[in-house]
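Listed here are the chains, written in short residue letters.
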Amino acid sequence: MRTRFIPVLLICLAIAFPSFAAAQAAAAPASGDDKPSQTQHTIRVDGRELRYTATAGTLPIRGEDGKVAARMFYVAYTKDGEDTKTRPVSFLYNGGPGSATVWLHMGSFAPRHVQMADEGFQPAPPYKLVDNENTLLDVSDLVFVDAISTGYSRAAAGVNAAQFHGQAGDIRAFGDFINEYLNVNSRWPSPKFLIGESYGTIRSAGLSQELQTRHGIELNGIVLVSALLTYQTILPGPQNDIAYVSYFPTYTTTAWYHKRLPADLQSKDVKKVADEALAFATGEYATTLLKGNSLSDAERKAVAQKIARLTGLSADYVERTNLRIDPGRFRKELLRDKRLVVGRLDTRYTATDVDAAGENEEFDPSNTALQGAYTAMFSDYVRNELKWESDLHYDTSGNVRPWTYDQNKYMDMTEPLRQTMARNPYLKVHVVAGYYDMACVFGGAVIDFWHLGYDKTFTDRVSFSYYEGGHMMYTRPSAHKSLKTDVAKFITANEAVRAKMTTQQQ
């Protein structure tokens with residue numbers, strides 16, 4: 001999660017930042033952290049009772065010298081009575097960088113989740129944790145993992161955590177964790193899936209290559225929730241018009257939701273409106289931006305009218321932005337006449353801002369809607385239901401600044417993913433996108449995957465699903481149900497292919 005005071009590169013990062021010194025001082029795990037806690041549970045899924053074991057613990061991450069450099073906290077849910085040789089196992093994590101996995105854990109596919117208000121809006125305290133009828137545990141075992149310096153994951157005493165605070169160190173740690181989990185739990189024969197959210201999708205792309213080349217681990221599938229493969233699609237700049245093109249369709253869907261479009265557009269469903277906006281954005285709008293200041297006054301005014309029609313903004317405002325609408329400005333401008341701003345993580349949310357002037361919102365209402373409920377419920381759940389005891393503070397946001405990138409600010413993991421898929425012709429990818437997500441926009445995801453190789457051997461193995469929700473579309477019950485169905489089908493379909501290939505080989 002993120003507020004406006006945090007740099008834009010933080011995609012899904014929570015709001016509490018301990019100092020680096022404090023994080024180092026708290027590095028050593030509590031004495032009981034070496035021993036996992038196992039508890040037995042039951043849940044009803046589609047009318048059937050499902051028994052499962054929840055395991056909360058840490059696994060060691062070792063340095064080149066073989067010594068423990070860190071411990072990564074995880075909670076694993078395994079269905080009882082299953083053959084682990086054929087049972088799928090999925091590794092799930094949030095992004096940030098610097099976000100704990102509390103958001104996926106308490107909202108998406110675990111057997112328990114936070115109960116939100118109607119349509120997934122902010123619940124009133126005190127909060128409730130309830131059985132999750134949309135858990136994925138019926139089709140896959142689930143392992144929720146916290147990045148180092150987030151949650152209960154920490155560098156070892158005396159070890160500088162900065163080595164894990166960057167693109168390469170982060171991917172290496174997650175690769176080592178997955179390798180260790182497979183060893184400790186004898187899960188090497190299991191079908192393997194990655195489910196990452198936000199920056200976790202960039203991580204998944206790089207991690208797939210890390211697992212393949214360093215550990216010899218081949219994946220069956222990757223699910224990218226609120227997908228992002230390159231920062232170029234979300235960081236507007238004087239020489240980067242691609243980001244303006246990427247954001248544009250989300251401006252349209254947001255304006256549609258808040259009933260700011262002309263009647264002919266407002267009468268359509270959101271999918272048709274989104275498709276029209278994407279076609280315009282990647283067609284005439286992209287071509288117009290490419291022309292820069294060579295546009296004539298007549299061309300500029302004509303395109304400004306079309307942009308205004310699809311965004312709910314005035315043509316005069318659009319012209320004054322040089323036809324390039326910054327996402328923060330859009331959230332402030334769309335409902336300015338009502339003294340409201342719209343959310344970033346979920347643009348369905350609104351809040352009354354400090355004033356109706358200015359260019360930036362005071363806070364993100366879709367961020368604060370989750371922060372209190374998810375933090376409180378996880379803190380209670382991990383201690384009282386999972387029986388995990390630790391002296392550490394569970395950091396929903398870790399102090400990972402500065403984050404080290406191996407590339408420039410337009411970090412791009414498209415090519416590592418392509419290389420992994422080229423070497424593993426059975427690996428498939430499913431992209432999950434929310435129409436009201438203004439952190440990792442669906443237009444950007446489409447553009448990303450238009451550039452994943454230029455051959456059907458790649459494109460035929462990528463599927464998309466869209467939801468009327470935001471960055472965490474699973475907070476909205478209707479979207480959550482569809483999301484579970486789609487991801488379950490993705491996993492089981494991959495399993496059917498694997499089973500068929502195994503039978504043919506025998």
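The shown structure was predicted, so the numbers you read here are calculated from the model rather than taken from an experiment. Along each chain, residues carry numbers from 1 onward, in the same order as the chain's sequence is written. This being a predicted model, a pLDDT of at least 70 is required before a residue's local features are given, and a value of 80 or more before pairs of side-chain atoms are given or counted; all residues contribute to the totals for chains, interfaces and linings. Each side-chain value is derived from all of the structure's non-hydrogen atoms; neither hydrogens nor water enter the calculation.

Caption draft 1: Here's a closer look at the overall build of the chain. Tallying secondary structure elements over the chain gives 15 helices and 14 strands in all. For the chain, the C-alpha radius of gyration of 22 Å lies close to 23 Å, the compact-globule estimate for 506 residues. Principal-axis analysis of the C-alpha atoms gives the chain an extent of 70 × 55 × 50 Å. When burial is assessed residue by residue, the chain has 59% of its 506 residues classed as buried. Contacts between residues were defined by any pair of non-hydrogen atoms, one from each residue, lying within 4.5 Å. Taking all contacts inside the chain whose residues are at least 6 apart in sequence as the whole, residues at least 24 apart take part in 73%. With the model as given, the accessible surface of the chain reaches about 19,700 Å², and the carbon-plus-sulfur share is 51%. Runs of E in the DSSP output that reach at least two residues are strands. Runs of H or I that reach at least four are helices, and both are numbered from the N terminus. Restricting the calculation to C-alpha atoms gives the radius of gyration, and the globule rule supplies 2.2 Å times the number of residues raised to the power 0.38. Classification of residues uses two cut-offs on accessible area relative to the type maximum, computed with a 1.4 Å probe and protein chains only: under 20% is buried, over 50% is exposed, and between them is partly exposed. Using the Shrake-Rupley algorithm and a 1.4 Å probe, accessible areas are obtained, with residue cover drawn only from the displayed protein chains.

Caption draft 2: Focus on the packing of aromatic side chains. Stacked, tilted and edge-to-face are the three classes applied to pairs of Phe, Tyr and Trp rings, where Trp contributes its six-membered ring and a pair requires centres within 6.5 Å; stacked means planes under 30 degrees apart, edge-to-face means over 60, and tilted covers the rest. What the rule picks out here adds up to 27 aromatic pairs. Here Tyr-93 and Phe-174 contribute two aromatic rings whose centre-to-centre distance is 5.1 Å and whose plane-to-plane angle is 65 degrees, an arrangement assigned as edge-to-face. Placement of Tyr-93 in strand S4 (residues 89-93) and of Phe-174 in helix H3 (residues 167-184) is noted, with a sequence separation of 81 residues between them. Both rings, one in Phe-248 and one in Tyr-285, keep their centres 4.9 Å apart while their planes meet at 40 degrees; by these two values the pair is tilted. Of this pair, Phe-248 sits in helix H5 (residues 242-257) while Tyr-285 sits in helix H7 (residues 270-291), placing them 37 residues apart in sequence. When its relative accessible area of 1% is taken as the criterion, Phe-248 is described as buried. Each member of the aromatic cluster is reached from another via a ring pair, and the members are Phe-73, Tyr-152, Phe-378, Trp-388 and Tyr-394. By the criterion adopted, a ring carries a charge over it if an Arg CZ or a Lys NZ lies within 6 Å of its centre and within 35 degrees of its normal. Above the face of the Phe-121 ring, Arg-348 is positioned so that its terminal group lies 4.6 Å from the ring centre.

Caption draft 3: Geometry of the pairing of strand S9 (residues 192-197). Extensive coverage of S9 is indicated by the burial of 6 of its 6 residues. The alternating pattern of S9 places Lys-192, Leu-194 and Gly-196 on one face and Phe-193, Ile-195 and Glu-197 on the opposite face, and all of these are buried. Here, strands pair whenever DSSP counts at least two bridges between them. For S4 and S9, the ladder comprises 5 bridges, and the chain directions are parallel. Of the residues in S9, the one forming a bridge with Ser-90 is Phe-193. Sheet topology places S9 next to strand S10 (residues 221-225); 5 bridges connect them, and they run parallel. Counted as the bridge partner of Ile-195 is Val-223 from S10. Read from S9 through helix H4 (residues 199-215) to S10, the crossover connection turns out right-handed. When the strands point away from the viewer, a crossover counts as right-handed if the route from the first strand across the helix to the second turns clockwise.

Caption draft 4: Molecular detail of the pattern of salt bridges. Whenever Lys or Arg places a side-chain nitrogen within 4 Å of a carboxyl oxygen from Asp or Glu, that contact is recorded as a salt bridge. Under the definition given, this model contains 30 salt bridges. Close ionic contact of Glu-64 with Arg-172 constitutes a salt bridge, the shortest N to O distance being 2.6 Å. Taken as a pair, Glu-64 in the loop between strand S2 (48-62) and strand S3 (68-79) and Arg-172 in helix H3 lie far apart in primary sequence, 108 residues in all. Owing to a relative accessible area of 69%, Glu-64 belongs among the exposed residues under this scheme. Here Arg-172 falls in the partly exposed class, since its relative accessible area comes to 30%. The partner of Arg-336 in a salt bridge is Glu-333, and the shortest N-O contact between them spans 2.8 Å. Several salt bridges converge on common partners, so that one network encompasses Asp-264, Lys-268, Glu-276 and Arg-309.

Caption draft 5: Quick peek at H3. Helices are assigned an expected span. That span is 1.5 Å times one less than the residue count. Counted at 1.5 Å a residue, the expected span for H3 with its 18 residues is 26 Å, and the 26 Å between its end C-alpha atoms agrees. In terms of residue burial, H3 counts as a mostly covered element, since 13 of its 18 residues are buried. Immediately downstream of H3, the backbone of Ser-186 shows phi near 55 degrees, a positive value.

Caption draft 6: Molecular detail of H4. For H4, which comprises 17 residues, the first-to-last C-alpha distance of 22 Å matches the rise-based estimate of 24 Å (1.5 Å per residue) to within 8%. What we call the bend at a residue is the angle made by axes fitted to the seven residues finishing there and the seven residues starting there. At Gly-206, H4 is deflected by roughly 30 degrees, the largest bend along its length. Of all 17 residues in H4, 14 are buried, a share of seventy percent or more. Looking one or two places after H4, you find Gly-216, whose phi comes out positive at around 70 degrees.

Caption draft 7: Just the confidence of the model for the chain, in detail. Of the residues in the chain, 91% reach a pLDDT of 70 or more, and the chain-wide mean stands at 91. Predicted confidence is poor over residues 1-10, with pLDDT under 50, and the contacts of this stretch with residues over four places away or in other chains come to 37 contacts. pLDDT under 50 marks residues 12-33. Its contacts with residues more than four places away, or in other chains, come to 60 contacts. You can read pLDDT as the predictor saying how much it trusts each residue, on a scale of 0 to 100.

Caption draft 8: Here's a closer look at the packing of H5 against helix H8 (residues 297-311). Orientation is described by axes fitted as lines to C-alpha atoms, over the contacting stretch for helices, and by angles from 0 to 180 degrees between their N-to-C directions. It is the contact of H5 with H8, at a shortest axis distance of 7 Å, that shows an interaxial angle of 50 degrees. Taken together, the axis directions place H5 and H8 in an arrangement best described as oblique. When H5 is examined against H8, the residues Phe-248, Tyr-251, Thr-252 and Ala-255 are found in contact with a partner set consisting of Ile-307, Leu-310 and Thr-311. Just so you know the grouping, Ala, Val, Leu, Ile, Met, Phe, Trp, Tyr, Cys and Pro go in nonpolar, Asp, Glu, Lys and Arg go in charged, and all remaining residues, Gly too, go in polar. The residue inventory of the contact of H5 with H8, partitioned by class, reads 5 nonpolar, 2 polar and no charged. An angle counts as roughly parallel when it lies under 35 degrees, as roughly antiparallel when it exceeds 145, as roughly perpendicular when it falls between 65 and 115, and as oblique in every other case.

Caption draft 9: Up close: the environment of Ser-37. Residue placement: Ser-37 occurs in strand S1 (residues 37-45). Separated by 38 residues in the primary sequence, Ser-37 and Val-75 have C-alpha atoms spaced 9.4 Å apart. Those residues in contact with Ser-37 that sit more than four places away from it in its chain are Ala-54, Thr-55, Ala-56, Leu-386, Lys-387 and Trp-388. At a separation of 3.3 Å, a polar atom in the side chain of Ser-37 contacts the main-chain carbonyl oxygen of Lys-387. Polar contact is the term for a pair of N or O atoms within 3.5 Å; when the atoms are in protein, one must be able to donate a hydrogen and the other to accept it, and sequence-neighboring residues count only if both atoms are side-chain atoms.

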